[in-house]
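# Observations on the three-dimensional arrangement
Each chain is listed here by its residues.
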Amino acid sequence: MQLGLLVMFLFWAKTSLCVPQQNCHPGDEYLGRCSNSAYEEKPKCTELNLGYCNDMEYSRTIFPNILGHRTRLEAESGAEYLLLSVIHGLLNGECSPEIRLVGCSVLASPCRDDKMVKPCRSTCEALRKDCTHAFEAIEMAWPYFLDCDRFFASDQEGCFDPLAGLKARQEQALSSLSPQEPSTIIQFTYTSNAQMYSILKRTAAKCSHISHVYSIGRSTEGRDLLVIEFTNNPGQHELLEPEIKLVGNMHGNEVLGRQLLIYLAQYLCSEYILGNQRIQTIINTTRIHILASMNPDGYELAASEVEDNNDPELINHEGHLLNGWTNGRTNAQNIDLNRNFPDLTSVLYRNRRSRHYRTDHIPIPDAYWFGKVAPETYAVMKWVRSLPFVQSASLHGGDLVISYPFDYSRHPLEERMFSPTPDEQVFKQLARTYADAHATMSNNDTERCGASFYRTRGIINGALWYSFAGGMSDFNYLHTNCLEITVELGCDKFPSEAELYPEWKRNKEALLSFLESVHRGIKGIVKDGNGNGIKDATISIRGVRKDVTTAEDGDYWRLLNPGTHIVTATAKGYSKVSKRVYLPHTMSKAGRVDFVLQKVPVEPDIDDHLFPTSDTWDRFDPYNQFEQYRDPDVGDSGREREEKPWWWNYFSQSGISPPTWLLRNV
């Protein structure tokens, strides 16, 4: 009896030990955390035969690998290997081939005497420090299999540096070059919308101490209107630091400005890091906002037309010149964005003879909201109302000239009529700043595009050139403090790729000079008797019927030309203070003029009854006509659906299990 029980016990023990232990949760075995295999295969060295890893410094590897892949075929079929095969394109060449080489050292580690040699943890940590920004720029999580603590070994444990050979070759190549100053490297090619977003995000991540990106809204077809900002304290307004914006690609088929602004963003980032003192001074004293593409939908159409016209199979192959003037100019709703802003110029002309009517911060008429307002226009209006912009440039194409407000003729029947603003002389100086610093714009012998600007050396009042209503520059001037010029960059709206570098050379100095020119005139703080800044105080210049208002903390900027000016600060419920200011021609930065206003009893003002402005200026989209542009994408469960990043299709359409570990919000 006892012998029979012993036999049964031994049989049970033997069979139970042979049953696979299902202790792994789903996915753990795939990640190499554990194994469901009853019989572990003895690791052994084998030939390294992975296509994207065949250039490693060794020829033999071992399976199972660190991640638990038992065979070469299993490793090749995983999302990890697919990522290594496309990472160069996803990161636009950044951190390449380092990411691939280190990834291969995990997927196919070197093997000696049937034992695995793990890659070095120090190499992984250095790589992660240098390349995290590239992944953040495309909204991709750092790959789990490049976890430096889990899959890598210390020097004391004995490890392999997968980048040792690459570093040796790079050092040898550098030693053969003659010593020279480091310089910025920019790829002068056209960029798709996806590439533009990637470049701007990577640039901001690379220079995160001076830059960040933010979206001001979406286009009609849902594309981001992405802004990159440069300042020494990104993300917030600093007291007395002027804010300037550059806007490109308002018309989708006018693409040179878009490319120049993308190049400018890369240049500012790189040169700041390299120690360029001029660039460091600009960024440390200025808050710069760059909207490279205001009309990404129109660009998409224009770019596709150019691709088609360059196709040798097509009969008509005039290439980039064929696109010239129409395809992609408007947004996806067929709206010309530079005719879509509120026509405040007409409002000004109707009321200009009344001495009580203000010619600045004119409110948006309620009737405007019942028209067709493009989401791109809506986004830019909210943007310019939310920040205290001082000056701006909108980059266009079709001619070679700088135009400045007013763009709408003071006589509606006159197509070409000189129509100056009260800041005519300041606008002319802003226009001159860009035109004179441009390589050819102000030259009388420069070939133009039909129009003649030789008498004015490349600048002109907008309405004198041709009149139109609803423009962005007029809106900036009449609704905010901001003075905006329009930069026409050349005759060809969609120049060939070979022209991009020459155009950058022609415009680089002009762009930098324009950024520096915001430090002109006067700036200061308006405070009360207790030293607190006064918001929305008014700064007036005698003889100039255009006031500016103070920002949240009471600071202000007023662009002025050299000379003597009488400056007055006022605020409701406070005293009025005037100062005489002299600005010499030799001034290289804005003069500081502060004001202290004392509280006084508030008296009824006829302006408040006849021409109310302060309350109506705050009325923006009062009937919520445009909430449709902000409806969240809601799934069947009622929760807002998370939009997958653009690179997700690389994996979701490959037939493998989608790598959710690459999603940052998982």
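The paragraphs below set out a description of the structure included in this document. Since the structure is predicted, the reported quantities are computational estimates derived from the model, not experimental observations.

### Describing the state of the cysteines
Taken as a whole and assessed by the stated rule, the structure comprises 6 disulfides. Covalent S-S linkage joins Cys45 and Cys111, the inter-sulfur distance amounting to 1.8 Å. Handedness of the Cys45-Cys111 disulfide follows from its S-S torsion of about -80°: it is left-handed. Here Cys45 is found in strand β1 (residues 44–47), whereas its partner Cys111 is found in strand β3 (residues 111–112), with 66 residues between them in sequence.

### A short note on the pattern of salt bridges
Side chains that carry opposite charge are capable of pairing whenever their charged atoms lie near each other. Considering all chains together, one arrives at 25 salt bridges under this definition. Put simply, Arg223 and Asp297 hold a salt bridge, and the shortest N to O gap is 2.7 Å. In this pair, Arg223 sits in the loop between β5 (211–218) and β6 (224–230) while Asp297 sits in helix α11 (residues 296–309), placing the two residues 74 residues apart along the sequence. For the salt bridge of Lys535 with Glu552, the shortest nitrogen-to-oxygen distance reads 3.4 Å. Here Lys535, found in the loop between β13 (522–528) and β14 (538–541), pairs with Glu552, found in the loop between β15 (544–549) and β16 (555–558); they are 17 residues apart in sequence, far enough to count as distant. A residue is classified by how much of its surface remains accessible, and Lys535, at 45% relative accessible area, is partly exposed. The network of salt bridges with shared partners includes Glu221, Arg223, Asp297 and Glu300.

### Focus on the packing of helix α10 (residues 277–285) against helix α18 (residues 500–516)
Between α10 and α18, the shortest axis-to-axis distance is 10 Å and the interhelical angle comes to 40°. Looking at the two axes, α10 sits oblique to α18. Here α10 and α18 pass one another in a crossing that is left-handed. Residue-level contacts link Arg278, Ile279 and Ile282 of α10 to Glu509, Leu512, Ser513, Leu515 and Glu516 of α18. The residue inventory of the contact of α10 with α18, partitioned by class, reads 4 nonpolar, 1 polar and 3 charged.

Definitions and limits used
Residues numbered from 1 in each chain as written. Predicted model: local features only at pLDDT ≥ 70, side-chain atom pairs only at ≥ 80, totals over all residues. Heavy atoms only, no water. Disulfide = S-S within 2.5 Å. Helix = DSSP H or I, 4+ residues; strand = E, 2+ residues; numbered from the N terminus. Salt bridge = Lys/Arg side-chain N within 4 Å of Asp/Glu carboxyl O. Buried < 20%, exposed > 50% of the residue type's maximum accessible area, 1.4 Å probe, protein only. Axes fitted to C-alpha atoms, helices over the stretch in contact; angles between N-to-C directions. Parallel < 35°, antiparallel > 145°, perpendicular 65-115°, else oblique. Left-handed = near helix turned anticlockwise from the far one by under 90°. Contact = heavy atoms within 4.5 Å. Nonpolar A, V, L, I, M, F, W, Y, C, P; charged D, E, K, R; others polar.

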